[in-house]
Amino acid sequence: MIEFKQVSKTFRLGKREVHAVKDVSLKVEQGDIYGIIGFSGAGKSTLLRLVNLLERPSEGSIEIQGVNVTSLSAKELRKQRRNIGMIFQNFNLFNSRTVAGNIAYPLKLAGTPKHEINTRVEELLRFVGLADKAKDYPDQLSGGQKQRVGIARALATNPDILICDEATSALDPDTTADVLRLLRQVNREFGITILLITHEMEVIQSVCTKVAVMENGEVIESGGVFEVFTDPQHATTKRFIRSVQQDLPSPNVLAEWRESGGGSLYRLQFKGPVANEPVLSTVTAKHGITFNIVYGSVRELEERLFGNLIVSFLGDPADVEAAIKEIATLTDIEEVQEIER
Ligand SMILES: Nc1ncnc2c1ncn2[C@@H]1O[C@H](COP(=O)(O)OP(=O)(O)OP(=O)(O)O)[C@@H](O)[C@H]1O
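Since this is a predicted model, take the numbers as computed values, not measurements.

1. Thoughts on the packing of aromatic side chains
Taken as a whole and assessed by the stated rule, the structure comprises 5 aromatic pairs. Note on F39 and F240: the rings are 4.3 Å apart at their centroids and 20° apart in plane angle, and the pair reads as stacked. Of this pair, F39 sits in the loop between β3 (33-38) and α1 (44-51) while F240 sits in helix α9 (residues 235-242); the two residues are 201 residues apart in sequence, bridging distant segments of the chain. Between Y266 and F313, the ring centres sit 5.5 Å apart and the planes meet at 50°, which makes this aromatic pair tilted. Placement of Y266 in strand β11 (residues 266-271) and of F313 in strand β13 (residues 304-314) is noted, with a sequence separation of 47 residues between them.

2. Considering the UniProt feature "domain: ABC transporter" (unreviewed entry) in the chain
In the numbering used here, UniProt assigns the feature "domain: ABC transporter" (unreviewed entry) to residues 2-241. Counting secondary structure, residues 2-241 comes out at 39% helix and 28% strand; the distance between its end C-alpha atoms is 26 Å.

3. As for α9
The α-helix winds at 3.6 residues per turn, so residues separated by three or four positions along the chain end up facing the same way. Considered for burial, the residues of α9 that qualify are T236, T237, F240 and I241. The arc enclosing the buried residues of α9, seen along the axis, measures out at 140°, which places them on a common side. What points out from α9, more than 90 degrees from its buried face, is the exposed set A235 and R239. Residues of α9 that are buried make contact with β3, α7 (201-207), β9 (210-215), β10 (218-224) and α8 (225-230).

4. Let's talk about the site of the ligand
Taken together, F11, L13, V18, A20, F39, S40, G41, A42, G43, K44, S45 and T46 make up the full set of residues near the ligand. G41 has a polar backbone atom sitting 2.7 Å from an oxygen atom of the ligand. T46 places a polar side-chain atom, nitrogen or oxygen, 2.6 Å from an oxygen atom of the ligand. For the ligand, the accessible surface in isolation is 630 Å², of which the surrounding protein chains cover 61%. For the shell around the ligand, the elements supplying multiple residues, two or more each, are β1 (2-13), β2 (16-28) and α1.

5. Describing a positive patch on the surface
On the surface, a cluster of positive charge is made up of K75, R78, K79, R81 and R82. Along the chain, R81 turns up in helix α2 (residues 74-82).

6. Quick word on the domain arrangement of the chain
In terms of domains, the chain is made up of domain 1 (2-242) and domain 2 (251-335). Contacts between the two partners involve 11 residues from domain 1 and, on the opposite side, 10 residues from domain 2. Taken over both partners, the interface formed by domain 1 and domain 2 buries close to 850 Å², and the fraction arising from carbon and sulfur atoms is 55%. In terms of surface lost to domain 2, no three residues of domain 1 exceed Q205, F226 and T230, which account for 66% of the buried area on that side.

7. Regarding helix α11 (residues 279-286)
Within the sequence span of α11, burial applies to V279, L280, V283 and T284. Along the axis of α11, the buried residues cluster in a sector spanning 105°; they form a single face. Across α11 from its buried face, at more than 90 degrees, point the exposed residues A285 and K286. Lining the buried residues of α11 we find β11, β12 (290-301), β13 and α12 (317-330).

8. Some points on the packing of helix α3 (residues 99-109) against helix α4 (residues 114-127)
Packing of α3 against α4 leaves a shortest axis separation of 10 Å and a crossing angle of 125°. By the angle between their directions, the pair α3 and α4 is classed as oblique. At the point where α3 passes α4, the crossing takes the right-handed sense. Of the residues in α4, those in contact with V99, A100, I103, A104, L107 and K108 of α3 are I117, R120, V121, L124 and L125. Across the contact of α3 with α4, the residue classes break down as 9 nonpolar, no polar and 2 charged.

9. Concerning the sheet that holds β1
To summarise the sheet geometry, strands pair through backbone hydrogen bonds and adopt either a parallel or an antiparallel arrangement. Across the sheet, 4 strands lie side by side as β2-β1-β4-β5; this open sheet has antiparallel pairing. The sheet is open, and its two borders are formed by β2 and β5 (67-68), each paired with just one other strand. Relative to strand β4 (residues 59-64), β1 runs antiparallel, the two sharing 5 bridges. Paired with I2 across the bridge in β4 is I64. α1 rests against β1, β2 and β4 of the sheet, and its axis sits at about 115° to β1.

10. Section: the state of the cysteines
Such a bond, covalent and formed between the sulfur atoms of two cysteines, is termed a disulfide. Within the structure shown, the criterion is met by 0 disulfides. Distance from the sulfur of C164, which forms no disulfide, to the nearest cysteine sulfur (C208) is 9.0 Å. Taking the relative accessible area as the measure of exposure, C164 reaches 1% and is therefore buried.

11. A word on the pattern of salt bridges
Considering all chains together, one arrives at 10 salt bridges under this definition. The closest approach of N and O atoms between E17 and R12, which form a salt bridge, is 2.0 Å. Note on E17: relative accessible area 38%, which makes it partly exposed. A residue is classified by how much of its surface remains accessible, and R12, at 58% relative accessible area, is exposed. When salt bridges that share partners are traced, they join K9, R49 and E55 into one network.

Criteria and cut-off values
Residues numbered from 1 in each chain as written. Predicted model: local features only at pLDDT ≥ 70, side-chain atom pairs only at ≥ 80, totals over all residues. Heavy atoms only, no water. Phe/Tyr/Trp six-rings, centres within 6.5 Å; stacked < 30°, edge-to-face > 60°. Helix = DSSP H or I, 4+ residues; strand = E, 2+ residues; numbered from the N terminus. UniProt positions renumbered as here; feature names shortened; annotations may be inferred. Buried < 20%, exposed > 50% of the residue type's maximum accessible area, 1.4 Å probe, protein only. Arc of directions from axis to C-beta. Contact = heavy atoms within 4.5 Å. Near = heavy atom within 4 Å. Polar contact = N/O pair within 3.5 Å; in protein donor to acceptor, adjacent residues only side chain to side chain. Areas by Shrake-Rupley, 256 points an atom, 1.4 Å probe, with all protein chains shown as cover. Patch = residues over 30% accessible without salt bridge, like charges linked within 9 Å, V, L, I, M, F, W, Y side chains within 5 Å. Salt bridge = Lys/Arg side-chain N within 4 Å of Asp/Glu carboxyl O. Lys, Arg positive; Asp, Glu negative; His and termini not counted. Charge placed at Lys NZ, Arg CZ, Asp CG, Glu CD. Domains from an automatic or database assignment. Buried area = accessible area lost by both parts, 1.4 Å probe. Axes fitted to C-alpha atoms, helices over the stretch in contact; angles between N-to-C directions. Parallel < 35°, antiparallel > 145°, perpendicular 65-115°, else oblique. Left-handed = near helix turned anticlockwise from the far one by under 90°. Nonpolar A, V, L, I, M, F, W, Y, C, P; charged D, E, K, R; others polar. Pairing = 2+ DSSP bridges. Disulfide = S-S within 2.5 Å.

Now the structure itself:
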């Protein structure tokens, strides 16, 4: 659907070169909600501008639906752009036009007949839940409503791809959740492929199917959201995941536990169906030991369960060791060493 092939983008600032994107190869499949996450300056916006055809790569190529867009003529580019809807952090609505006028704008540009525009605008207003706001102006709307107008406008020309540039960064958590739900609906009902950039792991966790983590212009890790969340490889990815996942008690609680003579703590991770199985109780009972759950969380990612438990084992040390060995054959287990977060 969208394929980056060894794409680099270098900006020249006088004698200085800024390598905004370095050798990025990524494949966004049809129907994906693909999230690109990274800290400020990682190269996310530049990558979007390359898909959006606002920048040309210094090296490599980008294919959209099998077409190498790096070699298109100006006319072909305009046509291709109509197939890509875009929403923005600051909504980018025309304040002088009504809600209906904003949504109609891209259709007017495309030369759509007036009666068709009216029907389409009504349909889109209903879809985004703003049927009663057609005649309002953007200034009269909340942030979440403005972004709904942005989404309706982006969908007006029936694009195959929707690009979201930090689309929820200016919204509060509840409104963010509403807008993300709407994006999921756009993806499911219309089969639109979504490519989004964000610096918030919550967004990736709640809506994306795939994720790429960027740092210093490079993609340092990518894959299915469940896989990346449950088995992150890179320190930066782990940092992002920690921002949404309370997977350890606070340092104070851990210190208190150790000071009160609490034994070694182990972290168990359960992924997918095994999360439902009583691994701990079965194995500890078999070895004649007991366990204490000190901390725990179970979350759902991409409709799969992912559990994280911090436990201590009580019993004869040899039995505890044997039980831990057996648990390790069934799921991930490691001793909790660190107190620092
Ligand atoms: N037009 C430009 N000219 C020169 N340098 C640029 C240009 N656009 C981006 N850069 C540089 O490229 C690097 C990547 O910037 P980019 O905006 O893509 O990062 P980002 O991950 O989107 O960051 P943010 O989240 O802050 O928007 C930065 O060092 C930035 O200063």
